[in-house]
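Here is what each chain is made of, one letter per residue.
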Amino acid sequence: MIGRCILDRCHPLTLLVWYMYVIPITVLVHDPIITAVSLLFGIVHIIMIVGLPKLSTVLYCAAFMTAAAIANPLFSHTGVTVLFFMNGLPVTLESLLYGVEMSAAACAVMLWCVSLTHFMTTDKITMLFGSVTPKLAVLLSLTLRFIPMIREKHRNIINAQKGFDGRSESRRTLKFYLSVYSALTSQLLEDSVEIADSMCSRGIRLKGRTFYSEFKIRRYDGVMMTITLLAMTGIIILKANGAGEFEFYPFITGFDFSVYNDLMYAAFAIVCTMCLYN
Amino acid sequence: MKTRHIAMIGAAAAAALYLCVNFETTEEHYAAKENEKNTVGSVYLSVDCKTFLNTDKAKSYIDKGVIPSDGEIIKKTAYNISEGDSAFTVLKTAVDKNRIIIDYDNVSGKSVYVKGISSVYEYDGGDLSGWMYSVNGEFPTVASSDYYLSDGDVVAWVYSCNLGKDVGDTF
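Note that the coordinates shown come from a computational prediction; the quantities given were computed from them, not determined experimentally. (Residues numbered from 1 in each chain as written. Chains lettered and ligands numbered in written order. Predicted model: local features only at pLDDT ≥ 70, side-chain atom pairs only at ≥ 80, totals over all residues. Heavy atoms only, no water.)

As for the packing of helix H3 (residues 32–50) of chain A against helix H10 (residues 259–273) of chain A
All names here are of chain A.
Moving on, step 1. Contact geometry of H3 with H10 gives a least axis separation of 10 Å together with a crossing angle of 10°. The angle between H3 and H10 falls in the class roughly parallel. Along the contact surface, H3 presents Ile33, Ile34, Val37, Ser38 and Phe41, while H10 presents Met264, Tyr265, Phe268, Ala269, Cys272 and Thr273.
Moving on, step 2. Tallied by class, the residues present in the contact of H3 with H10 amount to nine nonpolar, two polar and no charged. (Axes fitted to C-alpha atoms, helices over the stretch in contact; angles between N-to-C directions. Helix = DSSP H or I, 4+ residues; strand = E, 2+ residues; numbered from the N terminus. Parallel < 35°, antiparallel > 145°, perpendicular 65-115°, else oblique. Contact = heavy atoms within 4.5 Å. Nonpolar A, V, L, I, M, F, W, Y, C, P; charged D, E, K, R; others polar.)

Structure (structure tokens):
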């Protein structure tokens, strides 16, 4: 992490409510301004606070998004502004723009998910679900821990097998990978048995067990939560009254800066600014 | 090794694209249809979406000039047909002549399903809406590309909002 952010300090419940506000609205409201705001805040948040992922990851993401944007007009021929004809069917500007909007929204959601996995650490998940469903909490935290562990173990086993095998990468047989797989599976099974034993000996199944947590609900949690929940209610009411109805097909309706829409954009942008607040 | 594989896949994709996909500019698309084959007769064809005018969307479509205010997208006109012309190929000739865009599915390579004419699509006028065609007042039970026309037929493409009941189909 390169910057400080309130999302790091706040209570897990606040964190959960905040992400459950930003991500669904980015997905569900197909309005270019909402998408643009979400994407912009996502990019600034990732660059300034979380820190950029590897360049290859960014490039893969960009390639995927471009492909998604281009693929839409190839399959959807709706729209009145014809760019050119492909196999006798029109390729239209509207469906191209719709593809761009959709891929921008998907990109924004991906950025928020990167941020979510960064701030929502295992201890926070255990704290959130621990008192409600202890089994689910243990399962979640174990599974989440297993993924990086599997990668680490896989790398180690491959390195060890390379020493036995002695062939170059392109000449390896299926047998090589099968033996790696088999070793990995048995190691993981052994590990999970060990973990289960140690959890039992610590009294995970005891009745009336209390949970220790280092998180406290502070004043800024209250403020954040109130603003987020108010904005969420507001957006649901505005959406029910016809705000955020941006139409792409068959012709683009154009931006509508009516009071309802302006309120919705403001409600979304205000909550988004919290991710940059120190 | 890896770079060579990527280059080969790229080349194959480019070749497939060149062979299977036909790109045309708007002008080329409309100009290419002029060369006539030997005609064996003529048919009348009209396209209308009068039932669509009662829906909520109709006003914005008319304001934007997507459909005319009387709902008659193509007025009843005579078109020459050649051997093997179907209700669909005549529609294609007519819309190309009038510079109207249509959208259709041609997945199996034989039967064609017309999804939309002039941006009025199936389901735009409710769950039971879509395009139908009638020949001499009767609604055939085959796909439009499988109905071969003969001299003097009257083909009408109509938009229905209720499975054809509102445009005179009795089934």
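Remarks on unusual backbone geometry
Moving on, step 1. Across the junction of tyrosine 249 of chain A and proline 250 of chain A, the peptide omega takes the value -5°, indicating a cis bond.
Moving on, step 2. Mapped onto the elements of the fold, proline 250 of chain A is located in the loop between helix H9 (219–240) and H10.
Moving on, step 3. The backbone phi angle of arginine 99 of chain B is positive, close to 55°, even though this residue is not glycine.
Moving on, step 4. Here arginine 99 of chain B shows up in the loop between helix H4 (87–97) and strand S4 (102–105).
Moving on, step 5. On the basis of relative accessibility, which here comes to 45%, the residue arginine 99 of chain B falls in the partly exposed class. (Buried < 20%, exposed > 50% of the residue type's maximum accessible area, 1.4 Å probe, protein only.)

Some points on the packing of aromatic side chains
Each pair of aromatic rings is reported with the distance of its centres and the angle of its planes.
Moving on, step 1. Under the defined criterion, the tally for this structure stands at 19 aromatic pairs over all chains.
Moving on, step 2. On the basis of an interplanar angle of 70° and a centroid distance of 5.2 Å, the ring pair of tryptophan 131 of chain B and tyrosine 159 of chain B is categorised as edge-to-face. Note that tryptophan 131 of chain B is positioned in strand S7 (residues 130–135) and tyrosine 159 of chain B in strand S8 (residues 154–160), a separation of 28 residues in sequence. Neither tryptophan 131 of chain B nor tyrosine 159 of chain B differs from the other in exposure class; each is buried.
Moving on, step 3. Members of the aromatic cluster, connected to one another through ring pairs, are Tyr98, Phe246, Phe248, Tyr249, Phe255, Phe257 and Tyr265 of chain A.
Moving on, step 4. The ring of tyrosine 220 of chain A has arginine 9 of chain A sitting right over it, with the charged end atom 5.3 Å from the ring centre. (Phe/Tyr/Trp six-rings, centres within 6.5 Å; stacked < 30°, edge-to-face > 60°. Lys NZ or Arg CZ within 6 Å of the ring centre and 35° of its normal.)

Side note on the domain arrangement of chain A
Moving on, step 1. In terms of domains, chain A is made up of domain 1 (6–123 + 226–260) and domain 2 (132–201).
Moving on, step 2. In this structure, domain 1 of chain A and domain 2 of chain A have C-alpha centres spaced 36 Å apart. (Domains from an automatic or database assignment.)

A look at the interface of chain A and chain B
Moving on, step 1. In this complex, chain A contributes 16 residues to the contact, which on the side of chain B involves 20 residues.
Moving on, step 2. Broken down residue by residue, the surface that chain A buries against chain B is led by Phe85, Asn87 and Phe251 of chain A, which jointly contribute 39%.
Moving on, step 3. In this structure, the connection of chain A to chain B is made through zero salt bridges.
Moving on, step 4. In this structure, the connection of chain A to chain B is made through five residue pairs in polar contact (both at pLDDT 80 or more).
Moving on, step 5. Among the secondary structure elements, those contributing two or more residues to the side of chain A that touches chain B are strand S1 (82–86) and strand S2 (89–92) of chain A.
Moving on, step 6. Take the side of chain A that touches chain B: its biggest share by element is five residues, from S1 of chain A. (Buried area = accessible area lost by both parts, 1.4 Å probe. Salt bridge = Lys/Arg side-chain N within 4 Å of Asp/Glu carboxyl O. Polar contact = N/O pair within 3.5 Å; in protein donor to acceptor, adjacent residues only side chain to side chain.)

Quick notes on the packing of helix H2 (residues 12–28) of chain A against helix H5 (residues 93–119) of chain A
Geometry of a packed helix pair, given as the angle between the helix axes and the separation of the axes.
Residues and elements named next belong to chain A.
Moving on, step 1. Between H2 and H5, whose axes approach to 9 Å, the crossing angle comes to 165°. In this view, H2 runs roughly antiparallel relative to H5, as classed from their interaxial angle. Like other packed secondary-structure pairs, H2 and H5 cross with a definite hand, here left-handed. Contact with H2, carried on its side by Leu15, Trp18, Tyr19, Val22, Ile23, Thr26 and Val27, involves Ala105, Ala108, Val109, Trp112, Cys113, Ser115, Leu116 and Phe119 of H5 and no other residues of that element. (Left-handed = near helix turned anticlockwise from the far one by under 90°.)

Focus on the pattern of salt bridges
A pair can form between side chains of opposite charge whenever their charged atoms are brought close.
Residue and element names in this part refer to chain B.
Moving on, step 1. For the coordinates displayed, the defined rule picks out ten salt bridges over all chains.
Moving on, step 2. When the shortest N-O distance is used, the salt bridge between lysine 75 and aspartate 70 registers 3.7 Å.
Moving on, step 3. Assessed through its relative accessible area of 33%, aspartate 70 is described here as partly exposed.
Moving on, step 4. A salt bridge links aspartate 96 to lysine 92, with the nearest nitrogen and oxygen atoms 3.6 Å apart. On the criterion of helical spacing, the pair formed by aspartate 96 and lysine 92 is a turn pair, its members being four residues apart in helix H4. As far as burial versus exposure is concerned, aspartate 96 and lysine 92 are alike and both buried.

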